[in-house]
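What follows is the residue order along each chain.
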Amino acid sequence: MSGSTRMAYDGIVVCAPITVPYRRYSANSAHWWIGRALQALTKRSGLRLNELDGLSISSFTVAPDTAIGLTQHFGLSPRWLDHVPFGGASAIVALRRAARAVQTGDAEFVACVAGDTNHVDSFRKTLSTFSRFAQDAVYPYGSGGANASFALIAKNYMNTYGVRREDFGKICVAQRDNAMAVPHALMKKRLTLSDYMAARAISDPIHLFDCVMPCAGAEAFLVCGEAAARSLALKGVHLLSTIERHNAFPEDAIQVRGGWAVDAGELWSMAGVGPQDVDFVETYDDYPVIIMMQLEDLGFCRKGEAAEFVRAHTLTNEGSFPHNTCGGQLSVGQAGAAGGYLGLVEAIRQLTDAPLGTQVAEARIGLVSGFGMINYDRGLASGAAILARAA
Amino acid sequence: MTEPLAPPRRKNPLKKTRLPLIPQGARSRTAHGLTMAAAEGRFALQRCSDCGMAVYPPRDACPVCLSPRLPYQEADARGVLVAETTVRVSTDPYFRERMPWRVGTVKLDAGPVLVAHLHGDLREGERARLELKLDKSGAPVVLALPDKDTPHMQDDAQLREMTCEPTFRRVLITDGCTPVGQAMARAFSEIGSSIVFVGVAKAWKPFAGMDALRAVERVEIVPFDITDTESVTEQAEQNGGRIDIIVNTAEHTRAGGIIERRGIGVAREEMDVRYFGLMRLAQAFGPAMKFRGADGVNSAAAIVNLLSVYALMNWPLYGAYSAAEAACLSATHSLRAELRPGGVRMVNVFFGPLETEWFQAVPPPKVAPKALARAVIDALKRGLEDVFVGDVAEDVRARLSVNPKALERELAG
């Protein structure tokens with residue numbers, strides 16, 4: 001029974017998980033990658049372009065265009081259009097909005113797409129112009145990018161809660177195990193804890209295998225009504241609940257928690273399930289320290305106890321706590337904003353028995369969490385969704 | 001513990017001179033409030049006029065009450081270094097060749113949290129004091145230093161990227177015939193500059209203080225006439241490749257306004273010394289200095305230009321003089337932009353009436369040449385860009401920021 005006053009997402013399904021296989025560098029534009037994802041989505045669904053009446057776009061490298069320019073670029077004429085440039089929280093935010101649009105009848109089929117290219121110099125350019133605060137108050141300080149910002153957060157978290165690098169390492173090693181069966185994962189060399197510990201320092205305490213590999217790629221999914229999905233012969237998953245929060249806890253001198261800590265209660269009560277009911281979890285894994293915060297703030301353990309939780313569990317797809325079941329960005333790569341889509345697209349696959357890698361046995365309920373946008377010293381955007389296998 | 005700087009070894013002429021790079025200097029318009037404070041060596045943050053909240057990074061609305069009234073004000077610079085990291089991989093070419101580089105998160109007692117460059121003697125968890133500095137791009141950055149001074153702390157590698165430390169550097173003082181030039185030579189010698197070249201326009205003509213100047217350690221008197229292009233160029237050809245700091249002490253001070261003077265002869269001389277003189281200096285020495293902005297411990301660091309504070313607002317008692325100073329000031333702004341890509345700083349040192357013959361009839365307070373020299377050394381050590389020396393200069397600067405029109409009327413007497 002739902003204990004939330006929010007309207008349930010009855011009759012809405014999420015379907016047609018699409019991944020355009022990643023590449024380390026690409027000479028193509030973000031438009032090319034997004035176009036490939038849209039093409040795959042229309043092929044999978046059988047929808048004609050003029051039947052796609054809703055579009056949501058997430059990208060860092062599509063400038064000077066935004067979603068509106070892409071409608072003309074792709075020959076679409078949607079009646080519902082959204083641009084969600086929220087990095088690692090993009091998929092959750094896009095999903096929430098798309099689900100409500102379909103529910104209210106503002107759109108029938110919403111294609112949610114995230115894609116980014118990675119030219120040889122685009123990562124540096126993205127970093128140096130990421131935000132006004134980054135330009136004024138972060139990038140001029142060593143220009144270490146997200147590695148340096150998360151290093152400060154990780155260092156403080158380790159100091160505060162007595163966390164060791166080995167604890168982070170266990171997460172990364174398990175994700176690599178999960179990635180071994182994923183064909184397009186960019187990092188598919190088996191990783192051991194001693195490899196992890198011996199890796200070179202990037203920005204202490206962040207070492208090589210704590211970092212995602214920037215790459216080019218695209219991810220997409222379709223949101224529509226249950227009957228519509230059935231008519232297209234698409235397997236869909238149900239949306240039990242979602243949360244979203246930005247710039248939570250500005251009073252914390254340094255980030256030790258995210259917006260999930262504000263809204264987790266509602267996430268569970270709206271879904272009518274608890275952490276013990278979840279069969280797998282897809283966290284946003286741009287640095288293991290953020291994974292630990294998600295485990296705590298989403299209620300899998302108490303604040304400061306994530307390291308202990310990680311020590312007590314096996315995090316592979318066959319283990320006691322299947323986590324980042326396709327290997328996450330740490331193994332597959334981070335295709336810009338598509339990195340925020342990776343977990344959600346993988347969750348749809350797990351709940352429709354179509355994983356790219358290995359299937360989690362009896363996967364019925366999955367939790368997906370998003371996090372993004374280091375505007376200054378901390379990630380601002382957070383969100384989560386609970387998805388369930390259709391009966 | 002900061003390792004004390006060792007005297008630089010003689011340069012290997014076969015080795016490639018490393019090209020100067022600069023970090024990204026783009027800032028929002030609002031953030032240039034920090035540029036102003038850093039240029040003058042003050043620590044200032046935005047503070048909300050309505051709710052009193054101290055704010056960082058620079059904003060256009062208060063994050064507590066949304067007030068747009070966020071002036072920069074002097075702020076308490078003390079806090080704690082909460083977390084630090086050593087960046088070992090950077091996407092920026094400037095930092096890439098300076099790895100590893102330490103940065104950290106500092107929580108100020110006054111509230112805001114700042115990402116800062118770290119002095120080598122500051123450790124995680126310790127009390128810190130912050131300073132605003134200009135980096136090699138001329139943009140403002142925050143540097144966290146240990147709460148209390150440590151031995152040789154000025155020799156810290158990261159700090160030195162933001163200062164123009166005169167020790168072990170080679171200096172040219174453009175005019176040694178004046179009391180100011182001579183005080184300057186003494187000050188640089190005392191601080192440990194390796195050579196102090198002192199320009200003298202007419203070698204055959206004795207001048208007051210000549211013998212004492214010759215006796216100053218590491219001073220080398222060189223022929224140099226700033227009004228003679230050939231003389232300036234010749235000196236640049238002789239020593240331009242090894243001059244790291246230039247202090248332009250050339251002056252031409254005559255009392256009087258414009259109407260009472262007959263003709264423009266004196267004005268032309270003033271312009272020749274001050275405006276065209278700076279131009280000759282910059283054209284002759286600028287290219288080599290710009291090329292040597294990252295040339296090790298004794299890289300080219302700064303051109304210091306001494307300016308009357310009346311460059312900023314005309315003082316009719318010295319009306320024509322003020323106008324020439326204003327022309328010279330304007331030229332420094334162009335030079336500043338031109339020197340920046342080479343990592344060389346243009347330092348303007350503004351002074352009020354000096355304790356010299358040419359200000360004989362002016363009542364005190366006046367600036368002693370020695371005080372001016374001290375201020376120049378201090379500006380270089382701290383990496384400042386705009387310096388105001390003495391009570392009159394500070395007074396003019398303060399009044400200018402409040403009401404330039406009032407200052408104009410009041411200077412007219």
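Residues numbered from 1 in each chain as written. Chains lettered and ligands numbered in written order. Predicted model: local features only at pLDDT ≥ 70, side-chain atom pairs only at ≥ 80, totals over all residues. Heavy atoms only, no water.

So, on to the overall build of chain A. Check the secondary structure of chain A and you find 14 helices and 11 strands. Against the globule reference of 21 Å for 391 residues, chain A gives a C-alpha radius of gyration of 19 Å, in line with a compact fold. Counting only C-alpha atoms, chain A reaches 55 × 45 × 40 Å along its principal axes. When contacts within chain A are restricted to residue pairs at least 6 apart in sequence, those whose partners lie at least 24 apart make up 77%. Summed over its atoms, the accessible surface of chain A is roughly 13700 Å², and 53% of this surface lies on carbon and sulfur atoms. The centroid of the 34 positive side-chain charges in chain A is displaced by 4 Å from the centroid of its 37 negative side-chain charges. (Helix = DSSP H or I, 4+ residues; strand = E, 2+ residues; numbered from the N terminus. Rg over C-alpha atoms; globule rule 2.2 N^0.38 Å. Contact = heavy atoms within 4.5 Å. Areas by Shrake-Rupley, 256 points an atom, 1.4 Å probe, with all protein chains shown as cover. Lys, Arg positive; Asp, Glu negative; His and termini not counted. Charge placed at Lys NZ, Arg CZ, Asp CG, Glu CD.)

As a further point, take the overall build of chain B. Assigned secondary structure in chain B consists of 11 helices and 15 strands. On C-alpha atoms alone, chain B measures out to a radius of gyration of 22 Å, which is about the 22 Å that the 2.2 N^0.38 rule sets for 413 residues. For chain B, the C-alpha atoms occupy an extent of roughly 65 × 60 × 30 Å along the three principal directions. Partitioning the intrachain contacts of chain B with sequence separation of at least 6 by distance along the chain shows that 68% fall at a separation of at least 24. When the accessible area of chain B is evaluated, it comes to approximately 18200 Å², of which 55% is carbon and sulfur surface.

As a further point, take the pairing of strand S9 (residues 170-173) of chain B. Residues and elements named next belong to chain B. Judged by which residues are buried, S9 turns out to be covered on both faces: Arg170 and Leu172 on one side and Val171 and Ile173 on the other are all buried. In the sheet, S9 pairs with strand S10 (residues 195-200) via 4 bridges, with the strands oriented parallel. Looking at S10, one finds that valine 171 is bridged to valine 196. Chirality of the crossover, the property in question, places the unit of S9, helix H4 (residues 179-191) and S10 among those that are right-handed. Where S9 and strand S12 (residues 245-248) come together, 3 bridges link them in parallel fashion. Residue pairing in the sheet places valine 171 in a bridge with isoleucine 245 of S12. (Buried < 20%, exposed > 50% of the residue type's maximum accessible area, 1.4 Å probe, protein only. Pairing = 2+ DSSP bridges. Right-handed = clockwise from strand over helix to strand, strands pointing away.)

Once that is clear, we can look at the domain arrangement of chain B. Residue and element names in this part refer to chain B. For chain B, the assigned domains read domain 1 (32-160) and domain 2 (170-412). Centre-to-centre, using C-alpha coordinates, domain 1 lies 31 Å away from domain 2. Each side of the interface is counted separately: domain 1 has 13 residues, and domain 2 has 12 residues. Inspection of the region where domain 1 meets domain 2 yields 1 salt bridge. Across the salt bridge formed by glutamate 40 and arginine 397, the nearest N and O atoms sit 2.8 Å from each other. When residues in the side of domain 1 that touches domain 2 are grouped by element, the largest group, 3 residues, is from helix H1 (residues 32-40). Class assignment for the residues of the side of domain 1 that touches domain 2 results in 3 nonpolar, 3 polar and 7 charged. (Domains from an automatic or database assignment. Salt bridge = Lys/Arg side-chain N within 4 Å of Asp/Glu carboxyl O. Nonpolar A, V, L, I, M, F, W, Y, C, P; charged D, E, K, R; others polar.)

Looking at chain B as a whole, the pLDDT averages 96, with 100% of positions reaching at least 70. Reported for the predicted complex are a pTM of 0.95 and an ipTM of 0.93. (pLDDT = per-residue confidence, 0-100.)

The next subject is the interface of chain B and chain A. Chain B puts 38 residues into the contact, and the matching count from chain A is 30 residues. When the area that chain B buries against chain A is broken down by residue, the three leading residues are B:Gln24, B:Thr91 and B:Val115, summing to 21%. Linking chain B with chain A are 3 salt bridges, by the criterion used here. Across the pair B:Asp60 and A:Arg132 runs a salt bridge, and its minimum N-O distance is 2.7 Å. Seen at the junction of chain B and chain A, the total is 20 residue pairs in polar contact (both at pLDDT 80 or more). For the side of chain B that touches chain A, the secondary-structure elements that each account for two or more residues are strand S4 (78-87), strand S5 (101-108), strand S6 (113-118) and strand S8 (140-146) of chain B. If you tally residues by element for the side of chain B that touches chain A, the top one is S4(B), at 6 residues. Classifying every residue of the side of chain B that touches chain A gives 20 nonpolar, 10 polar and 8 charged. (Buried area = accessible area lost by both parts, 1.4 Å probe. Polar contact = N/O pair within 3.5 Å; in protein donor to acceptor, adjacent residues only side chain to side chain.)

Next up on the list: the environment of A:Met293. Residue and element names in this part refer to chain A. The residue methionine 293 is located in helix H11 (residues 288-297) in this model. Under the relative-accessibility criterion, methionine 293 is labelled buried at 0%. For the pair methionine 293 and histidine 207, spaced 86 residues apart in sequence, the C-alpha to C-alpha distance is 19 Å. When near neighbours in sequence (up to four residues on either side) are disregarded, methionine 293 contacts Ile153, Tyr157, Gln255, Val256, Arg257 and Lys303.

Another point: the environment of B:Gly413. Following the sequence through the fold, B:Gly413 ends up in the segment after helix H11 (404-411). Separated by 26 residues in sequence, B:Gly413 and B:Val387 have C-alpha atoms that sit 26 Å apart.

Turning to unusual backbone geometry, a few remarks are in order. Here the amide bond leading from B:Tyr56 into B:Pro57 is cis, since omega sits at -5°, within 30 degrees of zero. Here B:Pro57 shows up in the loop between strand S2 (54-55) and strand S3 (72-74). For the bond running from B:Met99 to B:Pro100, omega is -5°, close enough to zero to count as cis. Within the element layout of this structure, B:Pro100 appears in the loop between helix H2 (93-96) and S5. Even without a glycine there, the phi angle at A:Asn247 is positive, about 50°. Positionally, A:Asn247 belongs in the loop between strand S8 (236-246) and helix H10 (260-271). In this structure A:Asn247 comes out as partly exposed when scored by relative accessible area, which is 42%. At A:Tyr287, a residue that is not glycine, the phi angle is positive and equals roughly 95°. Within the secondary structure layout, A:Tyr287 lies in the loop between strand S9 (280-282) and H11. With a relative accessible area of 3%, A:Tyr287 lands in the buried category.

With that out of the way, let us pick up the sheet that holds strand S1 (residues 12-23) of chain A. Residues and elements named next belong to chain A. Spatial ordering of the open sheet is given by S3-S2-S4-S7-S1-S8-S11-S10-S9, a layout of 9 strands whose pairing is mixed. A single partner strand is all that each edge strand has here, and the edge strands are strand S3 (80-83) and S9. Going across the sheet, the axis of each strand differs from the next one's by a mean of 20°, ignoring polarity. Of the pairings in the sheet, the one linking S1 to S8 comprises 3 bridges and is antiparallel in character. When the sheet's bridge partners are listed, valine 13 is paired in S8 with histidine 238. Packing against the sheet, H10 makes contact with S8, strand S10 (365-374) and strand S11 (379-389), and its axis sits at approximately 155° to S8. (Axes fitted to C-alpha atoms, helices over the stretch in contact; angles between N-to-C directions.)

Turning next to the sheet that holds S10(B). Residues and elements named next belong to chain B. Taken together, the 7 strands give an open sheet; going across it, the order is S11-S10-S9-S12-S13-S14-S15, and neighbouring strands pair in parallel fashion. At either end of the open sheet lies a strand with only one pairing partner, and these are strand S11 (219-223) and strand S15 (386-389). Each neighbouring strand pair of the sheet contributes to a mean axis angle of 20°, computed without reference to strand direction.

All names here are of chain A. Domain boundaries in chain A define domain 1 (12-121 + 216-236) and domain 2 (131-212 + 238-389). Using only C-alpha atoms to locate each centre, domain 1 and domain 2 end up separated by 23 Å. Between domain 1 and domain 2, the residue contacts involve 43 residues of the former and 37 residues of the latter. Taken together, both faces of the contact between domain 1 and domain 2 bury some 3000 Å²; the carbon and sulfur share is 70%. By the criterion of area lost to domain 2, the three top residues of domain 1 are Tyr22, Ile92 and Arg96, representing 22% of everything that side buries. Taken together, the connections running from domain 1 to domain 2 amount to 1 salt bridge. The shortest N-O distance in the salt bridge between arginine 96 and glutamate 244 comes to 2.8 Å. Counting every contact that joins domain 1 to domain 2 gives 8 residue pairs in polar contact (both at pLDDT 80 or more). A per-class count over the side of domain 1 that touches domain 2 returns 25 nonpolar, 10 polar and 8 charged.

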